[in-house]
Each structure stands twice: as structure tokens, then as C-alpha cells.
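Observations on chain architecture
In case you want the letters, here they are:
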Amino acid sequence: MSWYREQTGQGPALLLLHGWGMESRVFAGWRPFLEKHFTCISYDLPGHGRSPCTADGMQWAYVLEQLTGMLRREVEAPILLGWSLGGLLALGLGLTQPALLKGLVLMASSPSFRQRPDWAAGIPAATLEDFGQRLHSDPQGTRKRFLALQVLGDPQGRRALEGMTNWPSPDPACLADGLTLLQEVDLRDRLDSLSIPVQLIHGAQDRIVPPQASFYLQQHLPGSHLNVLEKAGHAPFLSQPQACRDALLEVWA
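Owing to the predicted nature of the structure, the values given are computational and were not obtained by experimental measurement.

Here we come to the packing of aromatic side chains. Here the distance between the centres and the angle between the planes together describe a pair of aromatic rings. One pass over the structure, following the stated rule, counts six aromatic pairs. Geometrically, the ring pair formed by Trp83 and Phe237 is edge-to-face, given 5.0 Å between the ring centres and 80° between the ring planes. Within this pair, whereas Trp83 is found in strand E4 (residues 79-83), its partner Phe237 is found in helix H9 (residues 236-239), the two being separated by 154 residues in sequence. Residue Trp83 is classed as buried on the basis of its relative accessible area of 1%. Aromatic ring contacts, followed pair by pair, group Phe27, Trp30, Trp83 and Phe237 into a single cluster. Cation over ring: Arg25 sits above Trp167, and NZ or CZ is 4.1 Å from the ring centre. Lying over the aromatic face of Tyr4, Arg50 brings its terminal NZ or CZ to 3.8 Å of the ring centre.

Below is the structure:
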């Protein structure tokens, strides 16, 4: 089953993948900054926005398989930009389907979102477990709480997020699957096999994914390019859209 797809702009293909609990229209305010430079393509992930939640939901192997099929139908290999959970999926695709991509942009993302005994640059396991428990009783309230965390310490991002909290909640089953990916997927031991160019963009005020996650990626991905935006939080394209655009042009113009 195909997912909702939107395309605007002109130039090299830039495919945008959104984060947990959101949908592709989260990029609507950023697109005008990009469309003179890139052909912007975005999908709604399963159960989000205008894409239905199928029986396979947001299972890791299924989502990567579906994205692989969609990439093969694109006219050209795109730069794949993944924000937050979308970055985890983008990294998974870069590791498994590098020939289908021009490169990766990992924005406010991480190879492992959950803290582990040897990994402090993540979300505490207890926080993710609490989200999982609350998700069963109050999906929309849990999503709103997560969105609020995204813009802590980022007043401009908070203003940009106003209105998005009232969007229809994604399908609860797909939300739960996405949360499971944040809890379980750990790609750190596979980074040395990544063979395509990578850009990292991270907000210094990110309260969900510590900037140390991008520092780690930079250290373990030789040749990667890191941009840290000092006044941005977890959604830098919302609070610093021009700076994020300029960062992209540094690498991909």
C-alpha cells in the first residue's frame, strides 16, 4: 500500500521524513525556504497524517521495505533528510540501501534513542516506558506531552508548534509501534559500514536527543559534516528555518 506523498519545488531531490507522532505537513513552514533549491518530497509514515495504519504498522523491517520500494520509484536518488525518528529510519535505509540515496541528513536524531548502560546520549528508559503506558489510556495527551518536550528551551520553536498539537492523533497502534522503535533500535555497531555522505544537524537546546548523539555520529562516520544550531531545540527547522536551509546548502548546493 502506498503512503501519502507530496512534492514541491525544483532542484535536486530532497526527501523529508517526519518524527514520531507528527506527519509530513510539519515541514510545511520550512518548504518555502527549500523550494528554490530542492525538489522537496515527503511521505506520511504509516498511521500518520493521510497514510493508513496497516496490519504491519510501523514495524522496522516493514517500514524499511516500503521506503525502499518508494525510493526505487523516484526519478532520481534523493538526499534523504530524517528528523528525529525519521532520522533513525533514514540511517537504517542508508545502511541497507545506499545505492538508492545521494546522501543522508540526520536532524536531531540518534543511532539509539534510549539510554543504555553504555549510552547516556538518549532518552531515559523510564521516560519511554511511561510514554508507552500513558499511550494506552490517552494517545492524544501523550503525543501533546511529547511535542511539548520538543520545544523546551526553544521559544521560537514553541510558537511554530502552536496549532500542530490539535492535529488529529496518529493511529494508536502505529504510534505504539513507533515508540517501540525508539526503545529498541540501536544502530551504533553498524555505523562503520555506512558508505554515503552524511550531514548532521542538531539544536544545542535539544531536550529529547542530547547533542552528544550527533557528536558520537560525527566521530564514528568519517567525513560527516556537523552543524550545531545554538538557539534551536529538537525541531530546528521550526525555530531556525533559514539557518537549517543554509546548513543544507553548505553541503548539498
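Additional details are given in the paragraphs that follow.
Before going further, it helps to spend a moment on the packing of helix H4 (residues 125-137) against helix H7 (residues 172-184). Axis angle and axis distance: for two packed helices, these are the angle between their axes and the distance between the axes, and together they describe the pair. Taken N-terminus to C-terminus, the directions of H4 and H7 make an angle of 170°; their axes are 10 Å apart at the nearest point. Between H4 and H7, the angle falls in the class roughly antiparallel. Residues Leu128, Glu129, Phe131, Gly132 and Leu135 of H4 pack against Leu175, Ala176, Leu179, Leu182 and Gln183 of H7. Counted by class, the contact of H4 with H7 contains seven nonpolar, two polar and one charged residues.

The rules behind the values
Residue positions are given per chain, counted from 1 along the sequence in the order it is written. Where local features are concerned, this predicted model is filtered to residues with pLDDT of at least 70; where side-chain atom pairs are given and counted, the filter is 80 or more; whole-chain, interface and lining totals use all residues. Values shown for side chains rest on all heavy atoms present in the structure; no hydrogens or waters enter the calculation. Stacked, edge-to-face and tilted labels apply to pairs of Phe, Tyr and Trp rings (six-membered ring for Trp) whose centres lie within 6.5 Å, assigned for plane angles under 30 degrees, over 60, and everything in between, in that order. Numbering goes from the N terminus for both helices and strands, where a helix is a DSSP run of H or I of at least four residues and a strand is a run of E of at least two. We call a residue buried when its accessible area falls under 20% of the maximum for its residue type, exposed when it is over 50%, and partly exposed in between, using a 1.4 Å probe and counting protein chains only. For a Lys NZ or an Arg CZ to count as sitting over a ring, it must be within 6 Å of the ring centre and within 35 degrees of the ring normal. Fitting a line to C-alpha atoms yields each axis, with helices limited to the stretch in contact; the angle taken between N-to-C directions then spans 0 to 180 degrees. To sort the angles, those under 35 degrees are grouped as roughly parallel, those over 145 as roughly antiparallel, those from 65 to 115 as roughly perpendicular, and the leftovers as oblique. Throughout, a residue-residue contact means that at least one pair of heavy atoms, one from each residue, lies within 4.5 Å. In this classification, the charged set is Asp, Glu, Lys and Arg, the nonpolar set is Ala, Val, Leu, Ile, Met, Phe, Trp, Tyr, Cys and Pro, and all remaining amino acids, among them Gly, are polar.

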